[in-house]
Amino acid sequence: MPRGRYSLHDPHDHTPLAEEHFQCAPGPSGWRYVSQLTAPSGDHLGSVDLALDELGRPIRLELHAGSWQVRGAALDGVTWVRTDPSGVHATEGNVRAHAFTGSSPAFLVATARLLRLTPSATATRVRLVAFTDPVLAPRTLDQSWALVDRETHATDNGPLTVDAYRVTALDTGEQHAVHLAGDVVLAAPGVELEDLASPPSAFG
């Protein structure tokens, strides 16, 4: 069960945004990721709880940021309920999309798990609903993902396979690289793996 810490920063000016203390593990029904986020000041910022089924679809998502909360799942596309700080006015949403995304590295692993790409220059298009900080506002976006390289490295804990993805935002054409080892993000824009207590889990 990988357990560790990511640091999150603005990918443009590298301003520190948060630290995300996480643990994740595959299970009989899929994969689960839970984390707590703290600000550079040490204040609690929120949490992430994401569960995927064996096909990589989000069967449960719960996000907290400040006093905002989102609960969602794959249902007729993706469906969610967003609750405001007062707890009085909950709003529901539904989009014909494949999955969710957001600032947490969990969503990069989840998207890769959903797409199950093989090394190729061919890109696969995916529609996602992003919940943007700090108020978890929903936004639908389209990306293309391509698995451009796969390398296996020898480590003290056995071979480690690293996948390099090229991710393109289809509205702007902006491209960036994402490197994953199993269910851990090694490198991505705005994400650095600072600490890892046990090796990544390999998906079957």
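Bear in mind the structure is a predicted one, so any value in this text is a computation, not a measurement.

Participant: Just checking my understanding: could you explain the overall build of the protein chain for this structure?
Facilitator: Counting its regular elements, the protein chain contains 1 helix and 15 strands. For the protein chain, the proportion of its 204 residues judged to be buried stands at 44%. By sequence separation, contacts in the protein chain at least 24 residues apart represent 39% of the contacts at least 6 residues apart. For the protein chain, the accessible surface area stands at approximately 10400 Å², while carbon and sulfur atoms represent 51% of it. Of the side chains in the protein chain, 15 bear a positive and 24 a negative charge, and the two mean positions are spaced by 8 Å.

Participant: Please explain the side chain of Ser201 as it appears in this structure.
Facilitator: Along the chain, Ser201 falls in the segment after strand E15 (191–196). Ignoring sequence-local partners within four residues, the contact set of Ser201 consists of Pro2, Pro26, Gly182 and Asp183.

Participant: Would you mind going over the packing of aromatic side chains with me for this structure?
Facilitator: In this description, a pair of aromatic rings is defined by centroid distance and the angle of the planes. Applying the stated criterion across every chain yields a total of 6 aromatic pairs. Here the aromatic rings of Tyr6 and Phe22 are separated by 4.5 Å at their centres, their planes lie at 15°, and the arrangement is stacked. Residue Tyr6 is found in strand E1 (residues 3–9), and its partner Phe22 is found in strand E2 (residues 16–27); the two are separated by 16 residues along the sequence. Counting every residue linked through ring pairs, the aromatic cluster contains Tyr6, Phe22, Trp31 and Tyr33.

Participant: Sorry, what's going on with the pattern of salt bridges here?
Facilitator: Two side chains carrying opposite charge are able to pair once their charged atoms lie near each other. Evaluated as defined, the whole model comprises 8 salt bridges. As a salt-bridge pair, Arg150 and Asp163 come within 2.6 Å of each other at their nearest N and O atoms. Residue Arg150 is found in strand E11 (residues 137–155), and its partner Asp163 is found in strand E12 (residues 158–169); the two are separated by 13 residues along the sequence. A cluster of three or more residues bridged by salt bridges with shared partners is formed by Arg32, Asp49 and Arg60.

Participant: Just checking my understanding: could you explain the environment of Leu75 for this structure?
Facilitator: Note on placement: Leu75 falls in the loop between strand E6 (68–74) and strand E7 (78–83). Classification of Leu75 by relative accessible area gives exposed; the value is 52%. As a C-alpha pair, Leu75 and Ile59 span 16 residues in sequence and 8.5 Å in three-dimensional space.

Participant: Teacher, can you tell me more about helix H1 (residues 106–115) here?
Facilitator: Extensive coverage of H1 is indicated by the burial of 10 of its 10 residues. Where H1 is concerned, the buried positions are Ala106, Phe107, Leu108, Val109, Ala110, Thr111, Ala112, Arg113, Leu114 and Leu115.

Participant: Is there a simple way to think about the nonpolar core in this case?
Facilitator: In a soluble, globular protein the nonpolar side chains are often hidden away together inside. Among the nonpolar cores identified, the biggest contains 48 residues, and Phe131, Trp145 and Tyr165 are the most heavily contacted of them. Apart from residues no more than four positions distant in its own chain, Trp145 is found in contact with Leu108, Thr111, Ala112, Leu115, Leu117, Thr122, Ala123, Thr124, Val126, Tyr165, Arg166 and Val167.

Participant: Explanation requested: the environment of Asp142 in the structure shown.
Facilitator: Summarising the element assignment, Asp142 is placed in strand E11. Taking the C-alpha atoms as reference points, Asp142 and Val162, 20 residues apart in sequence, are found 25 Å from one another. Setting aside anything within four residues of it in sequence, one finds Asp142 in contact with Arg125, Val126, Arg127, Thr168, Ala169, Leu170 and Asp171.

Analysis parameters
Residues numbered from 1 in each chain as written. Predicted model: local features only at pLDDT ≥ 70, side-chain atom pairs only at ≥ 80, totals over all residues. Heavy atoms only, no water. Helix = DSSP H or I, 4+ residues; strand = E, 2+ residues; numbered from the N terminus. Buried < 20%, exposed > 50% of the residue type's maximum accessible area, 1.4 Å probe, protein only. Contact = heavy atoms within 4.5 Å. Areas by Shrake-Rupley, 256 points an atom, 1.4 Å probe, with all protein chains shown as cover. Lys, Arg positive; Asp, Glu negative; His and termini not counted. Charge placed at Lys NZ, Arg CZ, Asp CG, Glu CD. Phe/Tyr/Trp six-rings, centres within 6.5 Å; stacked < 30°, edge-to-face > 60°. Salt bridge = Lys/Arg side-chain N within 4 Å of Asp/Glu carboxyl O. Core = buried A, V, L, I, M, F, W, Y, C linked by side-chain atoms within 4.5 Å.

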